[in-house]
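Summary of structural features
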Amino acid sequence: MTTPPIHIARFHELSARTFHDIVRLRLDTFIVEQDAPYHELDGRDLLDSTEHLWVEIDGEPVSYLRTYPGPEAATWIGRVVTAPAHRGRGLSTLLMHHALDRVPRPVRIAAQERLTPWYAGMGFERCGPDFVEDGIAHTPMRLGPG
C-alpha cells in the first residue's frame, strides 16, 4: 500500500465540507459506535493553535487527529480516530508519528484504556490514575520530559 498523503490545516483553512466530514467521522465513532454521548464541539477545533491532521481516501477523511496546546505546558493530541472500514492499515499510527514529529514536548493524551498499549508503543507513559469520561475508562499518558 502506498503511504497516503497527510493533510494539515487550521480551522480557518478547512473547507466547510472537510470539517463536516471530519466531525461526522468523529461522531460516527465516538458517539454512535462507542455509545458515548459527549460534547463533540468543545471549541478546541476553532483555536488558531489547533492543527487538524487527516488522511483522505477517495476524497473522504478516513483517519484524523488534532493537536493543540493545553494545560500543564503540554501539547495535547486528541480525537484520534479511523473509520471502521479503514482500520488495521496503520493510518492512525501514521498520523500519530507525523503529529509527534511536528509538536513540542511534552505531549499529553487521555487514552481510552484499551488503547494504552498502542500509545505505550509510541513511548507514552501513564502519568496519573485512570478515570471515566463519558462512560469510557481513560488513562492519562505523557510523552517527553516532565
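Report on the accompanying structure. From a predicted model like this one, the values you see are computed outputs, not experimental measurements.

Let us now look at the overall build of the protein chain. Regarding its fold elements, the protein chain presents three helices and eight strands. Going residue by residue from the N terminus, the α and β elements of the protein chain occur as β-α-β-β-β-α-β-α-β-β-β. For 146 residues, the compact-globule estimate of 2.2 N^0.38 gives 15 Å, and the protein chain sits close to it at 15 Å. Within the protein chain, contacts between residues separated by at least 24 positions form 58% of all contacts whose residues are at least 6 apart in sequence. As presented, the protein chain carries roughly 7800 Å² of accessible surface, and 54% of it is formed by carbon and sulfur atoms. With 15 positive and 20 negative side-chain charges, the protein chain shows a spacing of 3 Å between the two charge centroids.

This paragraph deals with helix 1 (residues 16-33). With 18 residues, helix 1 should reach 26 Å at 1.5 Å per residue; the first-to-last C-alpha distance of 24 Å fits that figure. At Leu27, helix 1 is deflected by roughly 30 degrees, the largest bend along its length. Every buried residue of helix 1 is listed here: Thr18, Phe19, Asp21, Ile22, Val23, Leu25, Arg26, Thr29 and Phe30. Looking one or two places after helix 1, you find Asp35, whose phi comes out positive at around 50 degrees.

Next up on the list: unusual backbone geometry. In this model, Arg105 is joined to Pro106 through a cis peptide bond whose omega is 0 degrees. The residue Asp58 is not glycine, and still its phi comes out positive at about 55 degrees. Its location among the elements puts Asp58 in the loop between strand 2 (51-57) and strand 3 (60-70). Unusually for a residue other than glycine, Asp134 sits at a positive phi of about 55 degrees. Relative to the elements of secondary structure, Asp134 occurs in the loop between strand 7 (131-133) and strand 8 (136-143). A residue is classified by how much of its surface remains accessible, and Asp134, at 39% relative accessible area, is partly exposed.

Another point: the packing of aromatic side chains. Within a pair of aromatic rings, the relevant descriptors are the distance that separates the centres and the angle that separates the planes. Tallied over the entire structure, the rule returns three aromatic pairs. Measuring from ring centre to ring centre gives 4.7 Å for Trp118 and Tyr119, while their planes differ by 65 degrees; the resulting arrangement is edge-to-face. Take Trp118: its relative accessible area is 26%, and that puts it in the partly exposed class. The exposure class of Tyr119 is buried, given its relative accessible area of 6%. Ring plane angle 80 degrees and centroid distance 5.9 Å describe the contact between Tyr119 and Phe124, whose orientation is recorded as edge-to-face. Exposure class is identical for Tyr119 and Phe124. Each is buried. Three or more aromatic residues link up through ring pairs in this structure, and these residues are Trp118, Tyr119 and Phe124.

This paragraph deals with the side chain of Asp45. Following the sequence through the fold, Asp45 ends up in the loop between helix 1 and strand 2. Among the polar contacts listed, one links the side chain of Asp45 to the side chain of Arg26, at a separation of 2.7 Å. With sequence-adjacent residues up to four places away left out, Asp45 is seen in contact with Phe11, Phe19, Arg26, Thr50, His52, Tyr64 and Arg66.

What follows covers the environment of Leu14. Inspection of the secondary structure puts Leu14 in the loop between strand 1 (6-9) and helix 1. As a C-alpha pair, Leu14 and Leu91 span 77 residues in sequence and 20 Å in three-dimensional space. Among all residues touching Leu14, those that are not within four sequence positions of it are Ala9, Phe19, Ile22, His52 and Trp54.

Criteria and cut-off values
- Residues numbered from 1 in each chain as written.
- Predicted model: local features only at pLDDT ≥ 70, side-chain atom pairs only at ≥ 80, totals over all residues.
- Heavy atoms only, no water.
- Helix = DSSP H or I, 4+ residues; strand = E, 2+ residues; numbered from the N terminus.
- Rg over C-alpha atoms; globule rule 2.2 N^0.38 Å.
- Contact = heavy atoms within 4.5 Å.
- Areas by Shrake-Rupley, 256 points an atom, 1.4 Å probe, with all protein chains shown as cover.
- Lys, Arg positive; Asp, Glu negative; His and termini not counted.
- Charge placed at Lys NZ, Arg CZ, Asp CG, Glu CD.
- Expected span 1.5 Å × (residues − 1).
- Bend = angle between axes of the 7 residues up to and from the residue.
- Buried < 20%, exposed > 50% of the residue type's maximum accessible area, 1.4 Å probe, protein only.
- Phe/Tyr/Trp six-rings, centres within 6.5 Å; stacked < 30°, edge-to-face > 60°.
- Polar contact = N/O pair within 3.5 Å; in protein donor to acceptor, adjacent residues only side chain to side chain.

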